[in-house]
Amino acid sequence: MTKRLFKGLVLLVLIALMLPGASPKTNIFSAGLTPLWDAPQGPGRSNEASRWLTQIRDSVSLPRAGCATLELPDLSLTKPARAFQIKVARDQFRSGSPIIYLQEPIAEFFIVIATDVNGCPWLSISGRGLPFAHRDIVSPFPYARLPALAEGAPITAIVQDYKAIRPWIMLASETSFVRDNTVLWVGLGGYSGILLMMIIVAIGFDAYAGSRVALAYAFYCFALQVWLVQNFGIGSAFVPFWPGPHYFPILQAVSVAGVVLGIGFAVLEFLQLRGRVRAAIGGFVVLSAFFFLASAWQPAGYRAGAAVLFVLALATIVLLVKGVFRGDTSIRLFTLGLGATMVGGGVQAFSVIGSGVEVSRMAAFAFPIGSLLQAAFWLAALIIRLRSEHRELHELEGKQAAIMWATPDLILVIDRQGICLDYKQPYATRFFVAEGDLLGKNVSAVLPADTASTIQQGIEDALLRGDLQSVFVELPVDGSIHHYEARIAPNGPNRVVIVVRDITLQKHNEEKIRRLAYFDTLTGLPNRQSFLERLDRELLRARRTNRGMALLFLDLDGFKRINDTLGHSAGDALLQTVADRLQGQLRAGAFIARPALDESGLHFARLGGDEFTVVLPDVDTAETACMVAQRIQTVLGRPALIGEQEITITSSIGIALFPDDGDDAAMLLKHADTAMYYAKEQGRNNWQLYERTLTARTTARLALEGDIRKGLERGEFRLFYQPQVSANDGAVVGIEALIRWQHPQRGLVSPGGFIAVAEESGLIVPIGEWVLNAACSQVRQWQRGGISVPRVAVNVSARQLGAADFLDSVAAIIAATGIAAEVLELELTESILMDPEAKRIKELFHLRAMGVHFSIDDFGTGYSSLSYIKRFPIGTLKIDQSFVHGLPQNADDAGITTAIISMARSLDLDVIAEGVETREQLAFLQRAHCPKLQGYLFSRPLPPDEMEAVLRRGRIDLPAR
């Protein structure tokens, strides 16, 4: 249909262009003109024009006898006017009266004055100042039918109009004039029909649907149609209610301003101008239209509007050049159309009119023809542009359809009343409602009441606020609850588009993430982050209600030993058992950390490792917190079966109270932790309330750790040596190296004053390495002095033994000092025997192969089995002094000591009893056949020089029984 319309349009354009030249050759020519006067400001402002008009008025109003009296009409004294003398050669008309007419049809008055063959004055008045009804020939041209004139009689013409055009006066026979008028009316009718068809075509191209380009083109064609009807007199000739001649200047100005606005609107929309360029061109268009509109009252406005429009046309051409060179066909056609109007207007404006020179009669219609060509070219550009846009829109719709098909969401169109107008279910996805169940029905009749109410409220909010709304609903699908998110977007004043997405998997993943973020994966208890958030909220509530609160910090005693001995899986199982006991048997009012939404039954938090915390809200007395702590210890104190091993676990608990012990989470947690460490120092398996002195103890502990580091750097540590003697004769059979700290302020400090801190801080590793190196160096020094040195025992901590470079360190020290490896004995703690790590066992056997001896210090105080002794290269057992102190009165100590000695003898192990201080203890051990003894009864730890004297003697006298 578009192609047919375009072809018909082209045919009509060609007919309209060919009609003026289709008539036979007629006797029409330009008349010679001689200007008499020119009054661009109006005859009232020209003395010459005023005198001339007075003379003419007198000559026609007072003719000679026998002639009729005529009256010259009153010309406007302010509108531009011109007077010409017309020369007509009578032999150019063979028959009939000649007709003189003004080819420019917009003059207000065209007055022709002559003297007929009888010598009487003759007067003809035509133009827009008179209605068509006063003319014998309905013509848009102002004209005069000349009477019989005397040879050489002068003809005078006065032209008055609001634009002060240069008149183009033509002469023609009556036959030719009628034929030309007919052709002109047919051409104008075709012109008008073409414009109407263009308007219809433009509206057909989605102008009604909001296509701004098509709408702009339709507006331009409509404005051009109005200008055509007004300018060529079609309206005043054929429309009875058309405004009279007095309104002609205003109508003309309005129609020209409308054409200018139509052109500007089309340029702005066709070129898709935006921003400052759009504002600038739009402003010039409005300014030009304003000037043309003002020309109805001020003739200079027409020239000003034309000047602005010309500048604007040049600027537009510059903008169009880019599109022309880019190869945009629609822009090229648009440029041609604009150029046609400029050429037509230029030809009409600058053609030589009334000079006697023969010019084409089409020059007077150059601008209308150019405008018609512009409309034709613009229509072609519009069709190409809109077809391109339609093609892009079709492709976009195809893409959107594919996206809709691939989208896993349910899409609904619902009106304000809740009626489902459209339904699109994604491919291979089952939703909570089928199309047939919802389409055309109200959601309240299909969905549960609460769900329908939620959706209806979202619809109302979206329509009221005019923005996107989201609601979340839960519905049963296939026996399980599914979660859905419905996004509601307004689509007009009374309906919305709802996109429903199944977010069940997302909800489950969010729940998993929340569990990972706020809960311990091993025990299921809230973690540190959850605990801190809950603690902050409880503190805020306690401040608001002016109530107290207690924080319990719990640590399992000996958990590392169990973890290292039985393995991490056993340790994890033990932690789970502890969590289960706490959750199942603690009173409901105690809770820890953040209860996750509906999981308020979770009361405890695991901070990490074997550390747990408990928050007790609304606790105003320390007795309540202590009672809960006692209950926790009772619950945890029951034996637990981990695999095949029965384990009894104890706990140390620190208690901090709000607000006495702190008013924020960090301070309470710190003080509860401090109290827990104090509980461990007090023998473990107990609870302790925080006291301010504990902070001082902790501060002193940190200061002590710093002093130890400085002591190592400054060489403040010393080695003392305690002899080991034979139980039979007192011969020195060994030496134990014991460390002391020569503190600058505290003096000589025994190991009990710093070893525990060194163990916790890890400083025991460099201290142990220093002790080993110092002992070996001292042995070498004694040997160089000719002293026979027995085996020297050096204590090795579990942390030191676990270092990756322990084996290399011992071997390097032996090699560096040059002593025999057999002289060195390493004393291990009993807990080391419980470590099943194969690599550590291999290292110990490697050292034994070098000659290094090993002994177990404080044997009998741990939880080891004798079967572990077989796995290590142990040569000596040292009976702990806690058993020796009770000899011989304590039967249990006596029995244990005797059993250890017997066991060692059966395993071919050497035995040393530590801490011998009385003669009774000596006698008992001698009777039990303990081969070696060590203690204050024989010698206190001695500095190297005093120990050297003992070594030179080689023996110590045993006290008499």
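Our subject is the structure listed above.
Computed from a prediction, not measured in an experiment: that's the story for all the values here.

1. Focus on the pairing of strand S13 (residues 480-490)
Right, on to step 1. As defined by bridge partners, strand S12 (residues 469-477) adjoins S13 across nine bridges and the pair is classed as antiparallel. Within S13, the residue paired with Val473 across the bridge is Tyr484.
Right, on to step 2. Linkage of S12 to S13, two consecutive antiparallel strands, is achieved through a turn of two residues, within which Asp478 is found at a positive phi near 55°.
Right, on to step 3. Bridge count for S13 against strand S14 (residues 495-502) is seven bridges, and the pairing is antiparallel. Note that in S14 the partner of Ala486 across the bridge is Val500.

2. Quick word on the packing of helix H4 (residues 212-231) against helix H6 (residues 248-270)
Right, on to step 1. Where H4 meets H6, the axes come as close as 8 Å, and the angle between the chain directions of the two elements is 160°. With respect to H6, the axis of H4 lies roughly antiparallel. Crossing of H4 over H6 shows left-handed handedness.
Right, on to step 2. Looking at the contact of H4 with H6 residue by residue, the classes come out as 18 nonpolar, six polar and two charged.

3. Observations regarding the environment of Val916
Right, on to step 1. Its place among the elements puts Val916 in the loop between strand S29 (910-913) and helix H28 (919-927).
Right, on to step 2. Its relative accessible area of 0% is what places Val916 among the buried residues.
Right, on to step 3. Each C-alpha atom of the pair Val916 and Leu937 lies 6.0 Å from the other, and the pair is 21 residues apart in sequence.
Right, on to step 4. Those residues within four positions of Val916 in sequence are excluded, and the remaining contacts are Val884, Gln921, Leu922, Leu925, Leu933, Gln934, Gly935, Tyr936, Leu937 and Phe938.

4. Looking at the state of the cysteines
Right, on to step 1. Under the criterion given, the structure shown has one disulfide.
Right, on to step 2. The disulfide partner of Cys67 is Cys120, and the gap between their sulfur atoms is 1.8 Å. Disulfide Cys67-Cys120: the torsion about the S-S bond is -75°, which places it as left-handed. Note that Cys67 is positioned in the loop between helix H2 (47-61) and strand S3 (81-87) and Cys120 in the loop between strand S5 (109-115) and strand S6 (121-126), a separation of 53 residues in sequence. In terms of burial, Cys67 and Cys120 fall into one category: buried.

5. A look at unusual backbone geometry
Right, on to step 1. The omega angle of the peptide bond from Phe658 to Pro659 is 5°, so this bond is cis rather than trans.
Right, on to step 2. By the element assignment, Pro659 lies in the loop between strand S20 (650-658) and helix H19 (665-681).
Right, on to step 3. Going from Leu887 to Pro888, the amide bond is cis rather than trans, its omega being -10°.

6. Considering the sheet that holds S13
Right, on to step 1. Pairing is antiparallel in the open sheet, where five strands are placed in the order S11-S10-S14-S13-S12. Strand pairing shows two members of the sheet lacking a second neighbour, strand S11 (420-424) and S12, which therefore form its edges. The mean angle between the axes of side-by-side strands here comes to 25°, regardless of whether they run parallel or antiparallel.
Right, on to step 2. Each of strand S10 (410-415), S12, S13 and S14 touches helix H13 (residues 449-465); the most contacted strand, S12, lies at about 165° to it.

7. Points about the pattern of salt bridges
Pairing of side chains with opposite charge becomes possible as their charged atoms draw close.
Right, on to step 1. In the structure shown here, the tally under the stated rule is 17 salt bridges.
Right, on to step 2. In this structure, Arg709 engages Glu705 in a salt bridge whose closest nitrogen and oxygen atoms are separated by 3.1 Å. Taken together, the positions of Arg709 and Glu705, both in helix H20 (residues 692-714) and four residues apart, correspond to about one turn of that helix.
Right, on to step 3. In the salt-bridge network here, residues are joined through shared partners; they are Arg534, Glu538, Arg541 and Asp618.

8. Things to note about the packing of aromatic side chains
Right, on to step 1. Taken as a whole and judged by the stated rule, the model has seven aromatic pairs.
Right, on to step 2. Each ring, one from Phe290 and one from Phe291, has its centre 6.1 Å from the other, and the planes form 50°; the classification is tilted.
Right, on to step 3. Among the residues examined, Phe290 registers a relative accessible area of 52% and is labelled exposed.
Right, on to step 4. Judged by its relative accessible area of 25%, Phe291 is partly exposed.

9. Here's the deal with the sheet that holds strand S21 (residues 687-689)
Right, on to step 1. Pairing within the open sheet is mixed, and its five strands lie in the order S16-S17-S15-S20-S21. The sheet terminates laterally at strand S16 (605-608) and S21, the two strands that pair on one side only. When the angles between neighbouring strand axes are averaged without regard to direction, this sheet yields 25°.
Right, on to step 2. The strands touched by H19 are strand S15 (549-557), S16, strand S17 (611-617), S20 and S21; relative to S20, the strand with the most contacts, the crossing angle is about 145°.

10. Describing the side chain of Thr523
Right, on to step 1. Positionally, Thr523 belongs in the loop between helix H14 (504-518) and helix H15 (528-545).
Right, on to step 2. According to the relative accessible area criterion, Thr523 is buried, its value standing at 9%.
Right, on to step 3. Side chain to side chain, Thr523 and Asp520 meet in a polar contact 2.7 Å long.
Right, on to step 4. At a separation of 3.3 Å, a polar atom in the side chain of Thr523 contacts the main-chain amide nitrogen of Leu525.

11. Remarks on the side chain of Glu611
Right, on to step 1. As for its placement among the helices and strands, Glu611 is situated in strand S17.
Right, on to step 2. Buried Glu611, no salt bridge; nearest opposite-charge side chain is Arg528, N-O distance 4.5 Å.
Right, on to step 3. Sequence-distant contacts of Glu611, that is, excluding residues within four places in its chain, are made with Phe553, Leu554, Asp555, Ala605 and Arg606.

12. A few points about the nonpolar core
In globular proteins that are soluble, nonpolar side chains generally tend to be buried together.
Right, on to step 1. The biggest cluster of nonpolar side chains holds 78 residues, and the ones touching the most others in it are Ile708, Leu824, Leu826 and Leu933.
Right, on to step 2. Residue contributions to this core peak at eight residues, all from helix H22 (residues 764-784).
Right, on to step 3. With near-sequence residues (within four places) excluded, Ile708 lies in contact with Phe717, Trp741, Phe754, Val757, Ala758, Leu763 and Ile767.
Right, on to step 4. Counting residues in each nonpolar core, the second largest holds 43 residues, with Tyr101, Val267, Val285 and Ala376 among its members.

13. A look at the environment of Asn685
Right, on to step 1. Relative to the elements of secondary structure, Asn685 occurs in the loop between H19 and S21.
Right, on to step 2. With 34 residues separating them along the chain, Asn685 and Ser651 place their C-alpha atoms 4.9 Å apart.
Right, on to step 3. Not counting chain neighbours up to four residues away, the residues in contact with Asn685 comprise Asp557, Gln633, Thr650, Ser651 and Ser652.

Here is what the cut-offs are and how they apply
- Residues numbered from 1 in each chain as written.
- Predicted model: local features only at pLDDT ≥ 70, side-chain atom pairs only at ≥ 80, totals over all residues.
- Heavy atoms only, no water.
- Pairing = 2+ DSSP bridges.
- Helix = DSSP H or I, 4+ residues; strand = E, 2+ residues; numbered from the N terminus.
- Axes fitted to C-alpha atoms, helices over the stretch in contact; angles between N-to-C directions.
- Parallel < 35°, antiparallel > 145°, perpendicular 65-115°, else oblique.
- Left-handed = near helix turned anticlockwise from the far one by under 90°.
- Nonpolar A, V, L, I, M, F, W, Y, C, P; charged D, E, K, R; others polar.
- Buried < 20%, exposed > 50% of the residue type's maximum accessible area, 1.4 Å probe, protein only.
- Contact = heavy atoms within 4.5 Å.
- Disulfide = S-S within 2.5 Å.
- Salt bridge = Lys/Arg side-chain N within 4 Å of Asp/Glu carboxyl O.
- Phe/Tyr/Trp six-rings, centres within 6.5 Å; stacked < 30°, edge-to-face > 60°.
- Polar contact = N/O pair within 3.5 Å; in protein donor to acceptor, adjacent residues only side chain to side chain.
- Lys, Arg positive; Asp, Glu negative; His and termini not counted.
- Core = buried A, V, L, I, M, F, W, Y, C linked by side-chain atoms within 4.5 Å.

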